[in-house]
There are 2 protein chains.
Amino acid sequence: MTTSERLVDATRELLWERGYTGTSPKAIQQRAGAGQGSMYHHFAGKPDLALAAIRRTAEEMRAAAERVLGGEGTAYARVEAYLRRERDVLRGCPVGRLTMDPDVIADGALRAPVDETLDWLRGRLAGILREGVASGEFDRSLDPERTAAAVVATVQGGYVLARASGSAAAFGAAVDGLLALLAGRRAA
Amino acid sequence: MTTSERLVDATRELLWERGYTGTSPKAIQQRAGAGQGSMYHHFAGKPDLALAAIRRTAEEMRAAAERVLGGEGTAYARVEAYLRRERDVLRGCPVGRLTMDPDVIADGALRAPVDETLDWLRGRLAGILREGVASGEFDRSLDPERTAAAVVATVQGGYVLARASGSAAAFGAAVDGLLALLAGRRAA
DNA sequence: GTCTATATGCAGATAGAC
DNA sequence: GTCTATCTGCATATAGAC
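The rules behind the values
- Residues numbered from 1 in each chain as written.
- Chains lettered and ligands numbered in written order.
- Predicted model: local features only at pLDDT ≥ 70, side-chain atom pairs only at ≥ 80, totals over all residues.
- Heavy atoms only, no water.
- Helix = DSSP H or I, 4+ residues; strand = E, 2+ residues; numbered from the N terminus.
- Buried < 20%, exposed > 50% of the residue type's maximum accessible area, 1.4 Å probe, protein only.
- Areas by Shrake-Rupley, 256 points an atom, 1.4 Å probe, with all protein chains shown as cover.
- Lys, Arg positive; Asp, Glu negative; His and termini not counted.
- Charge placed at Lys NZ, Arg CZ, Asp CG, Glu CD.
- Polar contact = N/O pair within 3.5 Å; in protein donor to acceptor, adjacent residues only side chain to side chain.
- Contact = heavy atoms within 4.5 Å.
- Phe/Tyr/Trp six-rings, centres within 6.5 Å; stacked < 30°, edge-to-face > 60°.
- Lys NZ or Arg CZ within 6 Å of the ring centre and 35° of its normal.
- Expected span 1.5 Å × (residues − 1).
- Near = heavy atom within 4 Å.
- Nonpolar A, V, L, I, M, F, W, Y, C, P; charged D, E, K, R; others polar.
- UniProt positions renumbered as here; feature names shortened; annotations may be inferred.
- Axes fitted to C-alpha atoms, helices over the stretch in contact; angles between N-to-C directions.
- Parallel < 35°, antiparallel > 145°, perpendicular 65-115°, else oblique.
- Buried area = accessible area lost by both parts, 1.4 Å probe.
- Salt bridge = Lys/Arg side-chain N within 4 Å of Asp/Glu carboxyl O.
- Least-squares fit on C-alpha atoms with pLDDT ≥ 70 in both.

Q: Before we go on, may I ask you to explain the overall build of chain A in this structure?
A: A count of helices and strands for chain A gives nine helices and zero strands. Counting from the amino terminus, helix and strand elements in chain A follow one another as α-α-α-α-α-α-α-α-α. The dimensions of chain A, computed from C-alpha atoms along their principal axes, are 65 × 30 × 30 Å. Here chain A holds 188 residues, and 51% of them are scored as buried. As displayed, chain A offers around 7800 Å² of accessible surface, 49% of which is attributable to carbon and sulfur atoms. Here chain A carries 25 positive and 24 negative side-chain charges, and the mean point of each set is 2 Å from the other.

Q: Help me out: how do you make sense of the side chain of Thr154(A) in this one?
A: Positionally, Thr154(A) belongs in helix 8 (residues 144-165). A distance of 2.8 Å separates a polar side-chain atom of Thr154(A) from the backbone oxygen of Ala150(A). Here Thr154(A) is in contact with Ala174(A), Val175(A), Leu178(A), Ala150(B), Ala153(B) and Thr154(B), once residues within four sequence places are set aside.

Q: Explain the packing of aromatic side chains to me, please; I cannot follow it from the model alone.
A: How two aromatic rings sit relative to each other is set out by the distance from centre to centre and by the angle between their planes. All names here are of chain B. Enumeration according to the criterion identifies two aromatic pairs over all chains in this entry. Between Tyr 159 and Phe 171, the aromatic rings sit 5.2 Å apart at their centres with planes inclined by 55 degrees, giving tilted as the arrangement. With a gap of 12 residues between them, Tyr 159 in helix 8 (residues 144-165) and Phe 171 in helix 9 (residues 169-183) connect regions that are remote in the sequence. Exposure class is identical for Tyr 159 and Phe 171. Each is buried. Between the NZ or CZ atom of Arg 91 and the centre of the ring of Trp 16, over which it lies, the distance is 3.9 Å.

Q: Help me understand helix 9 of chain B, please; the structure alone is not making it clear to me.
A: Given 3.6 residues to a turn, an α-helix orients residues that are three or four positions apart in the same direction. Across its 15 residues, helix 9 of chain B extends 21 Å between first and last C-alpha, which sits within 8% of the 21 Å expected from 1.5 Å per residue. For helix 9 of chain B, the elements touching its buried residues are helix 8 and helix 9 (169-183) of chain A together with helix 5 (75-84), helix 7 (108-134) and helix 8 of chain B.

Q: Explain the protein's contact with DNA strand D here, please?
A: What surrounds DNA strand D is a group of 15 residues, the closest being Ser38(A), His42(A), Pro25(B), Gln36(B) and Tyr40(B). Those atoms of DNA strand D that come within 4 Å of the protein belong to sugar or phosphate at a rate of 61%. Here a phosphate oxygen of DNA strand D and a side-chain polar atom of Ser24(B) are 3.3 Å apart. At the level of elements, helix 3 (36-42) of chain A together with helix 2 (25-32), helix 3 (36-42) and helix 4 (46-69) of chain B are the ones that each hand at least two residues to the surface near DNA strand D. Ranked by residues supplied to the surface near DNA strand D, first place goes to helix 3 of chain A with five residues. Looking at side-chain class alone, the surface near DNA strand D contains three nonpolar, 10 polar and two charged residues.

Q: Whenever I open this one, the protein's contact with DNA strand C confuses me. Can you help?
A: Around DNA strand C lies a shell of 14 residues, among which Gln36(A), Tyr40(A), Gly37(B), Ser38(B) and His42(B) are the nearest. Protein-adjacent atoms of DNA strand C, using a 4 Å cutoff, are sugar or phosphate at a proportion of 64%. Gln36(A) places a side-chain nitrogen or oxygen 2.5 Å from a base nitrogen of DNA strand C. Within the side chain of Thr3(B), one N or O atom sits 3.1 Å away from a phosphate oxygen of DNA strand C.

Q: So what exactly am I meant to see when it comes to the UniProt feature "DNA-binding region" (unreviewed entry) in chain A here?
A: Per the UniProt record, "DNA-binding region" (unreviewed entry) is found at residues 24-43 of chain A. Its end C-alpha atoms 14 Å apart, residues 24-43 of chain A is made of 75% helix and 0% strand.

Q: Is there a simple way to explain the packing of helix 1 (residues 3-18) of chain B against helix 4 of chain B in this structure?
A: Helix-helix packing: each pair is described by the crossing angle between the helix axes and the interaxial distance. All names here are of chain B. Orientation of helix 1 relative to helix 4, taken along the N-to-C sense of each, is 75 degrees, at an axis distance of 9 Å. Our classification of the angle between helix 1 and helix 4 gives roughly perpendicular. Across the interface between the two elements, Leu 7, Val 8, Thr 11, Arg 12 and Leu 15 from helix 1 touch Leu 49, Ala 50, Ala 52, Ala 53, Ile 54, Arg 56, Thr 57 and Glu 60 from helix 4.

Q: Explanation requested: the interface of chain A and chain B in the structure shown.
A: Quoted interface sizes are often the accessible area lost when the parts come together. With 42 residues of chain A at the contact, the number on the chain B side is 43 residues. The contact between chain A and chain B buries some 3600 Å² in all, and 68% of this surface belongs to carbon and sulfur atoms. For the interface between chain A and chain B, the tally reads four salt bridges. A salt bridge links Asp103(A) to Arg18(B); its shortest N-O distance comes to 3.5 Å. Applying the counting criterion to the chain A and chain B interface returns 10 residue pairs in polar contact (both at pLDDT 80 or more). Elements with a contribution of two residues or more to the side of chain A that touches chain B: helix 1 (3-18), helix 6 (102-106), helix 7 (108-134), helix 8 and helix 9 of chain A. For the side of chain A that touches chain B, the element with the highest residue contribution is helix 8 of chain A, accounting for 15 residues. Along the lines of polarity and charge, the residues of the side of chain A that touches chain B split into 19 nonpolar, 13 polar and 10 charged.

Q: Would you mind showing me how to read the relation of the copies chain A and chain B here?
A: Two copies of one chain are present, and they are related through a rotation about an axis combined with an axial shift. Overlaying chain A with chain B gives an RMSD of 0.0 Å, the required rotation being 180 degrees about an axis along which the chain moves by 0.0 Å. The superposition operator between the copies reduces to a two-fold rotation axis. By C-alpha distance to the rotation axis, the residue of chain A lying nearest is Gly157(A), at 2.0 Å. Take the interface residues of chain A: 100% of them recur as interface residues in chain B, which is what a same-surface contact looks like.

Q: Just checking my understanding: could you explain the UniProt feature "domain: HTH tetR-type" (unreviewed entry) in chain A for this structure?
A: With numbering matched to this structure, UniProt assigns "domain: HTH tetR-type" (unreviewed entry) to residues 1-61 of chain A. Within residues 1-61 of chain A, the helical portion is 77% and the strand portion 0%, while the C-alpha atoms at the span's ends are 21 Å from each other.

As structure tokens, this is what we get:
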């Protein structure tokens, strides 16, 4: 792995664990095993490095979601597979957590990949739900867009509940609750 | 207002806007119009002041929720009133956002009020949903605990979606989606 | 109770040697 | 490409005068 790659990876880990404000250049260098000069040779500074890290994390999250969402089965089964997919629940969402960082939200370039990723996910889920309605699997009255927003919000909020309680079970409860509601909209 | 109160209020605002890591003693002092000596006279340091601020914020959030949840109407109507209650959506949840702060999660004393508040809220909503099931308003198969977890998660996740997109509408879409699903579980 | 002085170390770089 | 030196200012206090 190149020094540049190690710097990006170290930044990705630190952004996930400590957020943008809580991540210092020095900490990045130490984790990457790189010196100051090295970091500033490859990147213009902290925002530039963070941008590269966030883009990479966003890409990976999208790919991971697509692996599950693009699978086999009914619309309900694919949404369920997404919701129940294995997660490092107590670590939080590496993309969603950035929305609580004021410096990320204030910088359009840093916010863009976050927004695009969550919006892509919402749209992808909405498409699956729309198929489910069209095929007669779901009740006609189910609104794919709003339901998809609720699905994404439940996941993001599930992380909050899990971290507050220190237990991954809180995430599971929220997901179970949502899935039970969604199951009730399947056409008889 | 006393100097001590002004310090707590300033800390509450800053924790909401910038989180624990992003909030410095100096910023607190400036916002409160108090000097260094003054702050360290009234509080042992940043963690002590943050604890007072978090407890106060937690109390207020609970009181605000109770004002809506303790109102009149069916179980569905009260849950809806809670979900649609006016919120400063783009500012995020002053309690929930703290779960993304590693220094808060690592400190049991700071995490406790956060956990207790979200857990109280979940329990309060579960009680209302349980009444709704008992009264025949909701389908017998509705699980009050898990559904309540989904409601709280949707709100917390709604803030994430809103802040990512820069639009309060994203919060509204998630809430609409969840309410539509919940409405479908009302007994015929 | 509040103020000013003082202190260590980190944040976030820039400059220039090698 | 990487290293070391250097810089300004903030983070987070402590000490002691008033």
